[in-house]
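So you can see what is in the structure, the chains are spelled out below.
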Number of protein chains: 2
Amino acid sequence: MELFYAHKVSDGIVYLDAEESAHCVRVLRHRAGDVISVTDGSGSLLCCEILDASPKEVSARVVSEQAGWGAHPYFLRMAVCPTKNIDRFEWFVEKAVELGVDEIVPLIGDHSERRSVRTDRLQRIAVSAAKQSLKAAVPQIAEPISVKDFVVQVGRVAAVPKPAECQSVCPDFRLIAYCSDDVAPRGSIVDALAAAGDGVSADGEEKVAVVTILIGPEGDFSQDEVRAALDAGFIPVHLGPSRLRTETAAITAVEAVYLNLGISASPYDSSRK
Amino acid sequence: MELFYAHKVSDGIVYLDAEESAHCVRVLRHRAGDVISVTDGSGSLLCCEILDASPKEVSARVVSEQAGWGAHPYFLRMAVCPTKNIDRFEWFVEKAVELGVDEIVPLIGDHSERRSVRTDRLQRIAVSAAKQSLKAAVPQIAEPISVKDFVVQVGRVAAVPKPAECQSVCPDFRLIAYCSDDVAPRGSIVDALAAAGDGVSADGEEKVAVVTILIGPEGDFSQDEVRAALDAGFIPVHLGPSRLRTETAAITAVEAVYLNLGISASPYDSSRK
């Protein structure tokens, strides 16, 4: 199936931007009256009937809506220091969206060689990956923030945005993955997430774990940053025996959450599509 | 630390090729008498003293040898259909090596759009990734083979190469990940690997699980291929709820093995390097 991304929804009418409209009308040859699948990135699959098949701006009427489409049973916030080679960070964004992530926060660490990122470009990659992997919720790319400011912000529980379906009773897991035991001994991320999984199943269906994971730059976090994170309630974890690049460490953390908290959800089946 | 790759080892002397030699002598300014870390890709870390610091071909004497350096506690063979866009498959090779893989078999499936690969180029990527992630064993890139020929070959147990440290008593796990329950119901790859983990721990240290995982092309395996794999003893598995690209599915399988069978090994610690 083809999933279109609406840049505007108002009064039950969705509007596709010029690029999406041209793809819909010129490439896929859709006409007024055709029914297409649309998302506005908020999590619902919108079944829509095309009103105006303009290659500049397609408009379509919402016929039906399916909430939580392509959703995962947890809220994952990945706070990652962008790599010196931005291609590697952009690759991480694509893969994280495919697997399932809710927010990506570019972190600037004491040892970061890259101190700026184009969040608009990363957001476009997130939209494209969400469409390709048929997810109706497009993860948010936050503005860059320093490691120390971020952990203080998350440390203030009130400042942690929770997913709509999840109240303050949601179990909140904060992990920092780094490459040494010199500040504090680390447990494996799998053991740390086992608690999250138990917490969810014990709490029942309607609550989801909120997981925040910090991944450092090529030079790892500074000891000051690790101490600041531990003070803010982050649990120190390791990602196993292999020496991983920053983007590989970040995707390994996303996979650990996906394979431990998400795998039990209804498996993808292409014959259902 | 810097790990050099020796293209030849003979009578206790290692030889670096022109590219490695130039990097060693011109970039890192090593001289005769310097001690460098070298691997010939077979799994041992060789501590060597440079005899001839020629930028054309450095030769060095092996002073000491550490076997199984950067090794993982399983033998993983990934049989994956190369993607239409080869960059995505090359990315998979790099990431799989970083995490830990022993053999990568490019598969040609009934639905494969790409029917050839340059294995020499993939092998160079594997060498580079092994050096970067400090693994003394460089995974082998096999020649391309059709899905049906491969499953028949693996089906003949005698034809399955086992790792040196692993005797025929090694538990042998064969999984095929695909995107539909239409041929046979699938269990999660995590549940399938739990058995592998138990098998290993029950059998004790000296034995490792041999895991072979099949990943199909963009169009998935054909039903005939799935039936042939099941006939050859492959267990049908799913990779969770998300719709994943071929290379993401392949790396998710590698991560599932790494996070379930490898995570308990001594964690990477940069302060030890």
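Quick caveat, the model's predicted, so the values are computed rather than measured.

Peer 1: Would you mind going over the overall build of chain A with me for this structure?
Peer 2: Summing up its helical and strand segments, chain A has seven helices and 13 strands in all. Here the C-alpha atoms of chain A give a radius of gyration of 20 Å, agreeing with the 19 Å that 2.2 N^0.38 yields for 273 residues. Its C-alpha atoms give chain A principal-axis dimensions of about 65 × 40 × 35 Å. Within chain A, the fraction of its 273 residues that count as buried is 55%. Total accessible area computed for chain A in this model is approximately 11200 Å², and 49% of it derives from carbon and sulfur atoms.

Peer 1: Even after reading the chapter, I still don't get a positive patch on the surface, so can you show me in this structure?
Peer 2: Judged by side-chain charge, Arg26, Arg29, Arg31 and Lys56 of chain A come together as a positively charged surface patch. Looking at where Arg26 of chain A falls in the secondary structure, it is placed in helix 1 (residues 18-27).

Peer 1: In this structure, what is going on with helix 4 (residues 147-155) of chain B? I would like to understand it.
Peer 2: Three or four residues apart is the spacing at which side chains of an α-helix point the same way, because the helix has 3.6 residues per turn. Among all positions in helix 4 of chain B, only Val147, Phe150, Val151 and Val154 of chain B are buried. What you see down the axis of helix 4 of chain B is that its buried residues fit within an arc of 95°, all on one side.

Peer 1: Mind showing me how you'd approach the interface of chain A and chain B here?
Peer 2: As a measure of interface size, the accessible area lost when the parts come together is often cited. In this complex, chain A contributes 42 residues to the contact, which on the side of chain B involves 42 residues. Both faces combined, the contact of chain A with chain B buries some 3900 Å², and carbon together with sulfur accounts for 53% of it. Three residues, Pro241, Arg243 and Tyr268 of chain A, lead the burial of chain A against chain B; their summed loss comes to 20% of the area buried on that side. On inspection of chain A and its partner chain B, the count reaches eight salt bridges. The tally of links between chain A and chain B comes to 32 residue pairs in polar contact (both at pLDDT 80 or more). For the side of chain A that touches chain B, the elements supplying multiple residues, two or more each, are helix 2 (86-99), helix 5 (189-203) and helix 7 (246-262) of chain A. It is helix 7 of chain A that provides the largest number of residues to the side of chain A that touches chain B, a total of nine residues. A breakdown of the residues in the side of chain A that touches chain B according to their chemical character gives 17 nonpolar, 13 polar and 12 charged.

Peer 1: I would appreciate a short explanation of the sheet that holds strand 1 (residues 3-10) of chain B in the present structure.
Peer 2: All names here are of chain B. Spatial strand order, 1-2-5-4-3: five strands in a closed barrel with mixed pairing. Here the average twist between neighbouring strands, direction ignored, is 55°. As defined by bridge partners, strand 1 adjoins strand 2 (residues 13-16) across four bridges and the pair is classed as antiparallel. Following the sheet pairing, Ser10 is matched in strand 2 by Ile13.

Peer 1: Any chance you could explain the relation of the copies chain A and chain B here in plain terms?
Peer 2: Between chain A and chain B, the superposition needs a rotation of 180° and an axial shift of 0.0 Å, giving an RMSD of 0.0 Å. Both copies are brought into coincidence by an operation consistent with a two-fold rotation axis. Judged by C-alpha distance, Glu255 of chain A is the residue of chain A that lies nearest the rotation axis, at 3.4 Å. Both copies share a contact surface, since 100% of the interface residues of chain A are interface residues in chain B too.

Peer 1: When you look at unusual backbone geometry in this model, what are you seeing that I'm missing?
Peer 2: Most peptide bonds take the trans form, and the phi angle of most residues other than glycine is negative. Phi at Asp11 of chain A is positive, roughly 55°, even though this residue is not glycine. Within the element layout of this structure, Asp11 of chain A appears in the loop between strand 1 (3-10) and strand 2 (13-16). Residue Asp11 of chain A is classed as exposed on the basis of its relative accessible area of 78%. Look at Arg29 of chain B: it is not a glycine, yet its phi comes out positive at around 60°. Tracing the chain through its elements places Arg29 of chain B in the loop between helix 1 (18-27) and strand 3 (35-39).

Peer 1: Which parts of the structure should I look at to understand the pattern of salt bridges?
Peer 2: It is possible for side chains of opposite charge to pair when their charged atoms get near one another. Counted according to the given criterion, the structure contains 34 salt bridges over all chains. Arg77 of chain B is paired through a salt bridge with Glu103 of chain B; the nearest N and O atoms lie 2.9 Å apart. Of the two residues, Arg77 of chain B is situated in strand 6 (residues 74-80) and Glu103 of chain B in strand 7 (residues 103-108); the sequence distance between them amounts to 26 residues. In this structure, Arg77 of chain B and Glu103 of chain B share a single accessibility class: buried. Among the charged side chains, a network of salt bridges with common partners joins Arg88, Arg245 and Glu247 of chain A together with Glu94, Lys95 and Glu98 of chain B.

Peer 1: How do you make sense of the side chain of Thr212 of chain A when you look at a structure like this?
Peer 2: Residues and elements named next belong to chain A. Locating Thr212 in the fold gives a position in strand 12 (residues 209-215). The class for Thr212 is buried, based on a relative accessible area of 0%. Each residue touching Thr212, except ones within four places of it in the same chain, is listed here: Arg77, Phe150, Phe173, Arg174, Leu175 and Phe234.

Peer 1: Hey, could you run me through the pairing of strand 4 (residues 45-52) of chain B in this one?
Peer 2: Looking along a regular strand, one sees side chains alternate from face to face of the sheet. Residue and element names in this part refer to chain B. Judged from the four bridges that link them, strand 3 and strand 4 form a sheet pairing that is antiparallel. If you follow Val35 over to strand 4, its bridge partner there is Glu49. Linkage of strand 3 to strand 4, two consecutive antiparallel strands, is achieved through a turn of five residues, within which Gly41 is found at a positive phi near 90°. Alignment of strand 4 against strand 5 (residues 59-66), held across seven bridges, turns out to be antiparallel. The partner of Asp52 across the bridge, within strand 5, is Ser59. Connecting strand 4 to the next strand, strand 5, in antiparallel fashion are six residues.

Peer 1: Help me understand the packing of aromatic side chains in this model?
Peer 2: For any pair of aromatic rings, geometry is given as the distance between the ring centres together with the angle between the planes. Under the defined criterion, the tally for this structure stands at three aromatic pairs over all chains. Aromatic pair Trp91 of chain A and Trp91 of chain B: ring centres 4.4 Å apart, planes at 50°, arrangement tilted. Highlighted residues: Trp91 of chain A in helix 2 and Trp91 of chain B in helix 2 (residues 86-99), drawn from two different chains. Each of the two residues, Trp91 of chain A as well as Trp91 of chain B, counts as buried. Ring geometry for Phe89 of chain B against Phe92 of chain B: centres 5.7 Å apart, planes inclined by 45°, an arrangement best described as tilted. On the criterion of helical spacing, the pair formed by Phe89 of chain B and Phe92 of chain B is a turn pair, its members being three residues apart in helix 2.

What counts, and at which threshold
- Residues numbered from 1 in each chain as written.
- Chains lettered and ligands numbered in written order.
- Predicted model: local features only at pLDDT ≥ 70, side-chain atom pairs only at ≥ 80, totals over all residues.
- Heavy atoms only, no water.
- Helix = DSSP H or I, 4+ residues; strand = E, 2+ residues; numbered from the N terminus.
- Rg over C-alpha atoms; globule rule 2.2 N^0.38 Å.
- Buried < 20%, exposed > 50% of the residue type's maximum accessible area, 1.4 Å probe, protein only.
- Areas by Shrake-Rupley, 256 points an atom, 1.4 Å probe, with all protein chains shown as cover.
- Patch = residues over 30% accessible without salt bridge, like charges linked within 9 Å, V, L, I, M, F, W, Y side chains within 5 Å.
- Salt bridge = Lys/Arg side-chain N within 4 Å of Asp/Glu carboxyl O.
- Lys, Arg positive; Asp, Glu negative; His and termini not counted.
- Charge placed at Lys NZ, Arg CZ, Asp CG, Glu CD.
- Arc of directions from axis to C-beta.
- Contact = heavy atoms within 4.5 Å.
- Buried area = accessible area lost by both parts, 1.4 Å probe.
- Polar contact = N/O pair within 3.5 Å; in protein donor to acceptor, adjacent residues only side chain to side chain.
- Nonpolar A, V, L, I, M, F, W, Y, C, P; charged D, E, K, R; others polar.
- Pairing = 2+ DSSP bridges.
- Axes fitted to C-alpha atoms, helices over the stretch in contact; angles between N-to-C directions.
- Least-squares fit on C-alpha atoms with pLDDT ≥ 70 in both.
- Phe/Tyr/Trp six-rings, centres within 6.5 Å; stacked < 30°, edge-to-face > 60°.

Scope: geometric values only; no functional claims are made or implied.
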